[in-house]
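# Coordinate inspection notes
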Amino acid sequence: MTKAMTGARMVVQALKDQGVEVVFGYPGGAVLPIYDEIFQQNDIRHILVRHEQGAIHMAEGYARSTGKVGVALVTSGPGATNAVTGLTDALMDSIPLVVLSGQVPTFMIGTDGFQEADTVGITRPCTKHNWLVKDTAKLAETIHQAFHVARSGRPGPVLIDIPKDVQFATSDYTPIPKARVDHYQPRVKGDIDAITRMVEMLETAERPLFYTGGGVINSGTAASQLLCEFVEATGFPITSTLMGLGAYPASGKHWLGMLGMHGLYEANLAMHGCDLMLNIGARFDDRITGRIADFSPRSAKVHVDIDPSSINKVIRVDLGIIGDVGHVLEDALRIWKARGRKVNKEGLAKWWKQIKEWQAVKCLGYTGSDKVIKPQYALERLEALTKGMDRYITTEVGQHQMWAAQFLGFEGPNRWMTSGGLGTMGYGLPASIGVQVAHPEALVINVAGEASWLMNMQEMGTAMQFRTPVKQFILNNERLGMVRQWQELLHGERYSSSWSESLPDFVKLAEAFGCKGIKCSDPKDLDDAIMEMLRYDGPVIFDCLVEKHENCFPMIPSGKPHNEMLMGNADTQGAIKAAGAVLV
Amino acid sequence: MSALNIKKGSTSHSAYDLRDPNAQGIVSHTLAVIVENEPGVLARVIGLFSGRGYNIDSLTVAEVDHTGHRSRITIVTSGTPAVIDQIEKQLGRLVSVYAVHDLTAEGPSVQRELALIKVAGKGEARIEALRLAEIFRAHVVDSTLESFVFEMTGTPEKIDSFAELMRPLGLRELARTGVAALSRGA
Ligand SMILES: Cc1ncc(C[n+]2csc(CCOP(=O)(O)OP(=O)(O)O)c2C)c(N)n1
Ligand SMILES: [Mg+2]
């Protein structure tokens, strides 16, 4: 049975039918009819943000921490253009989002009308797909298709541009089962012959390594469980990208830590030295591979990915398996068990012996201090004092992000939200609000740098209004720390514009927003200050003044192989020649 | 495992690897892309090529199934084999794309292009142009006392050589459609 209704009501109805509970948005002329409908119902909660970029990052935090599709609503013109950074971020990190934007009425499109922008044109390269709906009769079906596309295959953000006259006009509503989605059905089951081949390879490998990525998280919690079972049963070591942290627990005994540019020594050397690499849902990002020609030079490479274009894009692999990580792991595990659970025990014992030696290097060591808070120390204490809590972490982008990845342990998936692919400063604060909206009772901490945090600090207003008790843990080095580190190592210590000048007083800023501000600069006070933050029932801005010129190690400079990692300040003298700053 | 010894301090070579990792042989491939004929679909395909730095040597598009709203885009592209492989997979990712066929890889194919060629001249040159047109099976579709417009179909190479021959005889304008292609056989 179809029902006639206005386009605006269709939007709300379609969202309800899709199970949407919350929309992050900001109103404007071109979406007023939709806001009018939101006003007249109670099923969908609307979170009024302070900037549309914030809305998208909140939707990302919500999506990443729940596995559901995040939804945002913005007006035409500036509302839509403000969403672009968030959309690009979600595309890079494969986060499922449905973003609805208002548009000038269809008869005004192309006339440079007030707040008109070519939104589908602008967002075409930063969405998985987008639609301009010119006919109310197609609106509901398009929204259902949008959810299908956002969550199917490799997830990603989609956008629907809805002209105002389409919101006012009336037509029949298309319920979910009637919406045509058959043309987009990405393959989820992997090829059984290929999976069998992978099992054969892992039965004999002497130095195998699991290299897992965000695809495991995207595949759902079952995929993470299967991965853990596989790792435990085979006894293989496992490392992960920044995006994949938590799929295998940090306390697991096969865990080597994160790999890549700021990854752990043991993880990077294992990657360099393995004879079988099992890439499960990672994409050979340049932050992982370093110099391509020297990347894991002696390994046979297996790559499981739901996106066929990921396979052989950067690194040529010996075996590509197209499919959903969860399905492929399930089949692989079943086949491996049926074939007698074979592994190369001697090889593996030798391999672990070698890995243990690398682990003994203790690459995360740093020089402690009793006068100034070392950022690593701050994170160690944060980790110790929040251990076992129902905890979610978001981050901004910079040194603090890498330290957070190194020093915080994640025991399960969906607990770590960070901007990996795009590296978007300003992501963490709004993302933390999105996470808290999804998990009202949990402890949500944004590990931030002072510079990144300022980029979307207006969202503290959102946090206050919607009573999301997010903890903003700012490692304040009064520097664009990561930029400063590169300038130190690559540009002759010429610190061009990498100071955070004229910083606000964060405690007063907290007071201005009406939340709690805490400042800490003495290592002796740190535990108490962190406890005060944790105990406070409401948002907190924690200004943690840390060592200003600390560098983040280990570091593989851009374009270097994994076995040329810099381990500490002593290593950096002349290590990187400024032969033209071409790589980022 | 000795090769894994980490080097301390400075290294001999540059921090930056400036070699083009794709500097292998360049090949040309003709792709047939079957897409949903919806607004913006051509922009999606072209944007993919420009955004990822792929080449378009020729592109034609038209709806080929009016009831099913399907268009066929024929693209001639060039790149290393790895790049061609990526182009096909990246096209395959687009939600509006139903199928991608690599006509160059899938076996023999027929490739045709249509061209209109305007040649102006008098006397000997004019006669010579007409004589050559006959050899190339180009038809006269417009003529004045001082000009011809020839129409010809053929492979892009055939059109190239005809146009080259017309240049000294008074070639004024050339309009080409780009390549349409189908695989041979059933
Ligand atoms: C929007 C944006 N602009 C610029 C950059 C480049 N960038 C990367 S890290 C960084 C410095 C971040 O400083 P801060 O947030 O204080 O973190 P820290 O490195 O000091 O921990 C900059 C400018 C970026 N990643 N994102
Ligand atoms: Mg900083």
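Refer to the preceding data block for the structure.
One structure accompanies this document, and this report is about it. As the structure is a computational prediction, the values presented were derived from the model and not from experiment. (Residues numbered from 1 in each chain as written. Chains lettered and ligands numbered in written order. Predicted model: local features only at pLDDT ≥ 70, side-chain atom pairs only at ≥ 80, totals over all residues. Heavy atoms only, no water.)

### Describing the sheet that holds strand S18 (residues 471–476) of chain A
To summarise the sheet geometry, strands pair through backbone hydrogen bonds and adopt either a parallel or an antiparallel arrangement. All names here are of chain A. Let me state the cut-off plainly: Note on pairing: DSSP must find at least two bridges between two strands before they are called paired. Helix and strand assignments come from DSSP, with helices taken as H or I runs of at least 4 residues and strands as E runs of at least 2, each series counted from the N terminus. We call two residues contacting when some pair of their heavy atoms lies within 4.5 Å. Interaxial angle, 0 to 180 degrees, is taken between N-to-C directions of lines fitted to C-alpha atoms, where a helix line uses only the stretch in contact.
If you walk across this open sheet you meet the six strands as S16-S15-S17-S18-S20-S19, and the pairing is parallel. Each having just a single partner strand, strand S16 (416–417) and strand S19 (516–520) make up the two edges of the open sheet. In this sheet, S18 lies alongside strand S17 (residues 443–449) in parallel orientation, the contact comprising five bridges. What sits directly across from isoleucine 445, in S18, is lysine 471. Along the sheet, helix H17 (residues 399–407) contacts strand S15 (391–395), S16, S17 and S18; its crossing angle with S17, the most-contacted strand, is approximately 135°.

### Description of the site of ligand 1
All names here are of chain A. Under the convention used in this document: Near residues are defined by distance, with any heavy atom within 4 Å of the molecule or strand qualifying the residue. Two N or O atoms count as a polar contact when they lie within 3.5 Å, although within protein this holds only if one can serve as hydrogen donor and the other as acceptor, and sequence-adjacent residues are included solely when both atoms are side-chain atoms. Calculation of accessible area relied on Shrake-Rupley with a 1.4 Å probe; when residues are assessed, cover is drawn exclusively from the protein chains displayed. Asp, Glu, Lys and Arg are counted as charged, while Ala, Val, Leu, Ile, Met, Phe, Trp, Tyr, Cys and Pro are counted as nonpolar; the rest, among them Gly, fall into the polar class.
Near ligand 1 you find 17 residues, and of these Gln399, His400, Gly423, Ser452 and Gly481 are the closest. One of the backbone N or O atoms of arginine 479 is found 3.0 Å from an oxygen atom in ligand 1. Bound to the protein, ligand 1 loses 75% of the 590 Å² it would expose on its own. Of all the elements in the fold, those that place two or more residues in the shell around ligand 1 are H17, helix H19 (450–455) and helix H21 (481–490). At four residues, the largest contribution of residues to the shell around ligand 1 is made by H19. Classifying every residue of the shell around ligand 1 by side-chain character gives seven nonpolar, eight polar and two charged.

### Re the packing of helix H3 (residues 52–66) of chain A against helix H18 (residues 428–438) of chain A
Residues and elements named next belong to chain A. What counts here: The scheme is simple: roughly parallel for angles under 35 degrees, roughly antiparallel for over 145, roughly perpendicular for 65 to 115, oblique for anything else. The crossing is said to be left-handed when, going from far helix to near helix, the turn is anticlockwise and less than a right angle, and right-handed when the turn is clockwise.
Relative to each other, H3 and H18 sit at 50°, their axes nearing to 7 Å. In terms of axis orientation, H3 runs oblique to H18. The two elements H3 and H18 meet at a crossing, and its hand is right-handed. Along its contact with H3, which presents Gly54, His57, Met58, Gly61, Tyr62, Ser65 and Thr66, the element H18 presents Pro430, Ala431, Ile433, Gly434, Val435 and Ala438. Residues that form the contact of H3 with H18 fall into these classes: seven nonpolar, six polar and no charged.

### Here's the deal with the coordination of the magnesium ion (ligand 2)
Residues and elements named next belong to chain A. Formally: Water is not part of the atom set, so a site may look incomplete; the donors themselves are N, O and S atoms within 2.8 Å of the metal, or 3.2 Å for Na, K and Ca. Note on geometry labels: four donors, all angles 85 to 135 degrees, give tetrahedral; four donors become square planar and six octahedral when opposite donors are over 155 degrees apart and every other angle is between 65 and 115; remaining cases are irregular. Partly exposed residues are those whose accessible area sits between 20% and 50% of the maximum for their type, while under 20% is buried and over 50% is exposed, using a 1.4 Å probe and protein chains only.
Distances from the magnesium ion (ligand 2) to its protein donors, Glu450 (OE), Glu450 (OE), Asn477 (OD1) and Arg479 (O), fall within 2.1 to 2.7 Å. Its six donor atoms give the magnesium ion (ligand 2) angles of 51 to 173° at the centre, a pattern that matches the irregular case. Each donor residue of the magnesium ion (ligand 2) belongs to the same chain, with the gaps between them written as E-x26-N-x1-R. Of the two residues, glutamate 450 is situated in helix H19 and arginine 479 in the loop between S18 and H21; the sequence distance between them amounts to 29 residues. Classification of glutamate 450 by relative accessible area gives buried; the value is 1%.

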